[in-house]
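# Summary of the model geometry
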Amino acid sequence: MKYAVLCYHSENVVCAWSKDHDDEVMAKLAVVQERWAKAGKLGPVARLMPTTAATTLRKDHEPSVVLDGPFAETKEQLLGFFVIEASGLEEALAFAKELAEVNPGGAYEVRPIGYFVDWSANS
Amino acid sequence: MTDLAWLDAAVTGARPQVMAALLRYFRDLDRAEEAFQEASLRALKSWPQNGPPRDPVAWLIMVGRNVAIDALRREQKSETLPDEASLSDLDDAEGALVERLDDGHYRDDILRLLFICCHPDLPSTQQIALALRVVSGLTVGEIARAFLVSEAAMEQRITRAKRRVAEAQVPFETPGPIERSERLGTVAAMIYLIFNEGYSASGGDVHVRLPLCEEAIRLARLLLRLFPSEPEILGLASLLLFQHARCAARLDGDGAIVLLENQDRGLWNKALIAEGSALIDKAMRHRQPGPYQIQAAIASLHSTAERFEDTDWTQIDLLYSTLERLQPSPVVTLNRAVAVSKVRGAEAALAMIEPLAPKLSGYFHFFGLKGALLSEIGRADEAREAFDRAIALARTAQEAQHIRGHLDRLARDSRKEGASPPR
C-alpha cells in the first residue's frame, strides 16, 4: 500500500525560522529520508512554497474561476494531488483547467514547490 | 527547536493579528500593548503545562481582552465615570470573536494597525520605529541598535510618535474601498522603508540591520495573506524576497560592498529567489503594472541570470523606461543609465545622466556612476573629478572605500600608459 504523509504546521512560525535553523531541520529530515529511501520505500518528497504563492482554480462554477491565494474552504477535503513540471503559473493553470473540464466540482490549488526530491528515481 | 523557542515564535507570529484586534476593542495603543504583554506572559505559563491552544491568535486575543477589561473595571472603580467609548465592542460573545477571525473585517483591523503607524505627520524614521515596536514587537533596545541611537533616545522617539498618533484619531469605522486602497498604498510604502532601512548600508553593523529586512518580509507576507489579489502587494513581497536573497553576497569578509557584477551567485538564497519568481508570476496575470511589480521584474532578471554576463540588459532598460513613465524620478533615470551603458555604451549613458546633474548634485551614486562611465571611455581626468565628488558624498566607510578602489585602478592604468604622473 502506498501512503501519502502530509505535513502541517503554522506558516507564521516556519517562515520566521532563520536560514540556519531551516537548513538544520531540512538536514535532519534528509537523514531520515535517506534511511527509508535505501530500503526502497520512499517516493517523491516535496516542500511547498508559502500559501501566499498559491493560486486556486475554483471549478464549481461554469466557467471555472482563478483566484489568488490558497484553497481555504473547510467543508471540502484534500483528496489527491498532481506534480507537474511547468514553465510558469500560466502553464500550470492550463493543466489544471484541462483536468477541471473532465472533473468539475471542488477546486484545484496550484502551489509552486520549493524543494523536491524523487527518491524512487534516485535509487 | 525547543518548546520555549516554539512558544516564542508562535507569540511573535500572532502579534500583529492580536494587537490589531485589541486595538479595535480598546482604541488605545498603550492599553492594547499592555494587554498583549499580559496575555503573552500567561501563555508562557499556561502553554507549556496545558499544551498549545489550537488557535494561538484567538487564545491571545481572548486572554488579552479579559485582562484589559479587568484592568479597566479596576480603574473605573477608583475613578468617577465609566468611559463608554472605551468599552464599545466589548459585548461581543466569545463565539462571535472566533468567527471574527475569519471575517473580512478582520483584515481591516490589521490594516488599521499598520496604517496608524504611518501617519503622514510622522517623519519616516518615526513611522518605522513605531511599526517595529507596536506591530512587530521588537524591543526598544533592538530598534535603537538598528538605528544607531541610544535606547533612551529611541524610547523618547516612540513615545512621541504614539502621542502624535493618538492625537491624529484615525477613524475606527470600516474603511470604504477608496480609503482602503489608499491605506494599503501607504502601508506598502512603510514596509518598503523598513526593508530599505535594513538593506541600505547607511551605517551600522549589517547583523543588527538584517532583522529589519526579515521583519519587512514578514509584514509583506502578512499583508499579502490579507489582500491576496493586489498586484502591487504581490510585487512588493516579490521585490523584497529578491533583494533579500542576495544579502549573503553583498558584503565581503571585511564588510566592503561587493557590486552585483562581482557577487558570488552561489551565495544567493535560491529558495527566496524561487518564491519571489512565483509571486511576480502571479502579479503579472493581473496585467495592472505598478512600480513595485516593475522593480520586482527587474530584480528577477538580475536574480535569474546565471552569470553577470547573462543579464538581460535590453529587458531591464525597457522595464526602467516603463518605471520612468509611471514614477518619474532622477534616481530611476540614473538606474536606467546603468542598463543603457550595457546595451548602447557608456557615451549614451553619459548623455542620459548629464541632465540629472542639477537634481543629483548631492547624490553619491550619481558621481559614482558618472566616474565609472567616464573612466570606461578613457576620460580619466574627468573620472577622477567625479570620483572625488563621490567620496566627499559617501555616507559610509564602505562607500568611500569602494570609490577609492576605482581611483586606485585609474592611477594604475595611467602609470601603465605613462600618460600622467601617479596621484
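Residues numbered from 1 in each chain as written. Chains lettered and ligands numbered in written order. Predicted model: local features only at pLDDT ≥ 70, side-chain atom pairs only at ≥ 80, totals over all residues. Heavy atoms only, no water.

### Re unusual backbone geometry
In this structure, proline 63 of chain A follows glutamate 62 of chain A across a cis peptide bond, with omega equal to 0°. Topologically, proline 63 of chain A is positioned in the loop between strand S2 (55–58) and strand S3 (65–68). With a phi angle near 55°, arginine 27 of chain B is a residue other than glycine that sits in the positive phi range. Structurally, arginine 27 of chain B can be placed in the loop between helix H1 (3–26) and helix H2 (29–50). Located in the positive-phi region is arginine 287 of chain B, a residue other than glycine, with phi close to 50°. Residue position: arginine 287 of chain B is located in the loop between helix H13 (270–284) and helix H14 (291–304). (Helix = DSSP H or I, 4+ residues; strand = E, 2+ residues; numbered from the N terminus.)

### Considerations on the packing of aromatic side chains
A full pass over the atoms with the stated rule returns eight aromatic pairs over all chains. Between the aromatic rings of tyrosine 25 of chain B and phenylalanine 26 of chain B, the centroid separation amounts to 6.3 Å while the plane-to-plane angle is 70°, which identifies the pairing as edge-to-face. You can call phenylalanine 26 of chain B buried: its relative accessible area is 4%. Taking the centre distance of 5.4 Å and the plane angle of 25° together, the rings of phenylalanine 195 of chain B and tyrosine 199 of chain B count as stacked. One end of the pair is phenylalanine 195 of chain B and the other is tyrosine 199 of chain B, both in helix H9 (residues 177–199) and four residues apart, which spans about a single turn. Judged by relative accessible area, phenylalanine 195 of chain B falls into the buried class, the value being 1%. In this structure tyrosine 199 of chain B comes out as buried when scored by relative accessible area, which is 16%. We note lysine 59 of chain A situated over the ring of tyrosine 108 of chain A; from NZ or CZ to the ring centre the distance is 4.3 Å. Over the aromatic face of tyrosine 199 of chain B sits the side chain of arginine 250 of chain B, whose NZ or CZ is 3.6 Å from the ring centroid. (Phe/Tyr/Trp six-rings, centres within 6.5 Å; stacked < 30°, edge-to-face > 60°. Buried < 20%, exposed > 50% of the residue type's maximum accessible area, 1.4 Å probe, protein only. Lys NZ or Arg CZ within 6 Å of the ring centre and 35° of its normal.)

### Remarks on the sheet that holds S2 of chain A
Residues and elements named next belong to chain A. The antiparallel open sheet is built from three strands, whose spatial order is S3-S2-S4. The sheet terminates laterally at S3 and strand S4 (107–110), the two strands that pair on one side only. Sheet twist, expressed as the mean angle between neighbouring strand axes with direction ignored, is 20°. Two elements, S2 and S4, share four bridges in a ladder whose sense is antiparallel. For threonine 55, the partnering residue across the bridge sits in S4 and is valine 110. On the sheet, helix H3 (residues 89–102) packs against S2, S3 and S4 and is oriented at approximately 165° with respect to S4. (Pairing = 2+ DSSP bridges. Axes fitted to C-alpha atoms, helices over the stretch in contact; angles between N-to-C directions. Contact = heavy atoms within 4.5 Å.)

### Some details on the pattern of salt bridges
Counted by the stated rule, this structure contains 29 salt bridges over all chains. Close ionic contact of aspartate 60 of chain A with arginine 58 of chain A constitutes a salt bridge, the shortest N to O distance being 2.8 Å. Taking the relative accessible area as the measure of exposure, arginine 58 of chain A reaches 10% and is therefore buried. Note that glutamate 309 of chain B is salt-bridged to arginine 307 of chain B, the shortest N-O span being 3.7 Å. (Salt bridge = Lys/Arg side-chain N within 4 Å of Asp/Glu carboxyl O.)

### What about the interface of chain A and chain B?
Of the residues lining the interface, 23 residues belong to chain A; the matching set on chain B comes to 21 residues. Both faces combined, the contact of chain A with chain B buries some 1,800 Å², and carbon together with sulfur accounts for 58% of it. Of all residues in chain A, Asn12, Thr52 and Asp68 of chain A bury the most surface against chain B, accounting for 35% of the area lost on that side. Inspection of the chain A/chain B interface yields two salt bridges. Residues glutamate 11 of chain A and arginine 225 of chain B are paired through a salt bridge, measuring 3.3 Å at the closest nitrogen-oxygen approach. Secondary structure elements with two or more residues in the side of chain A that touches chain B: helix H1 (11–15), helix H2 (19–38), S3 and H3 of chain A. (Buried area = accessible area lost by both parts, 1.4 Å probe.)

### Some points on H2 of chain B
Residues and elements named next belong to chain B. If you check H2, its first and last C-alpha atoms are 30 Å apart, about what 22 residues at 1.5 Å a residue would give, namely 32 Å. Of all the bends in H2, the largest measures some 30° and sits at alanine 43. Those residues of H2 that sit buried are Leu29, Arg31, Ala32, Glu33, Ala35, Phe36, Ala39, Ser40, Ala43, Ser46 and Trp47. Two to three positions downstream of the cap, the backbone nitrogen of aspartate 30 sits 3.2 Å from a side-chain oxygen, assigning the N-cap of H2 to aspartate 28. Directly after H2, the chain includes glycine 51, whose backbone phi takes a positive value near 85°. (Expected span 1.5 Å × (residues − 1). Bend = angle between axes of the 7 residues up to and from the residue. Polar contact = N/O pair within 3.5 Å; in protein donor to acceptor, adjacent residues only side chain to side chain.)

### Observations regarding the nonpolar core
Residue and element names in this part refer to chain B. The biggest cluster of nonpolar side chains holds 101 residues, and the ones touching the most others in it are Ile191, Ile194 and Leu223. Leaving out residues up to four positions away in the same chain, isoleucine 191 has contacts with Ala216, Leu219, Ala220, Leu223, Leu236 and Leu240. If you look at the next biggest cluster of nonpolar residues, it comprises 22 residues, including Val340, Phe366, Leu369 and Ile403. (Core = buried A, V, L, I, M, F, W, Y, C linked by side-chain atoms within 4.5 Å.)

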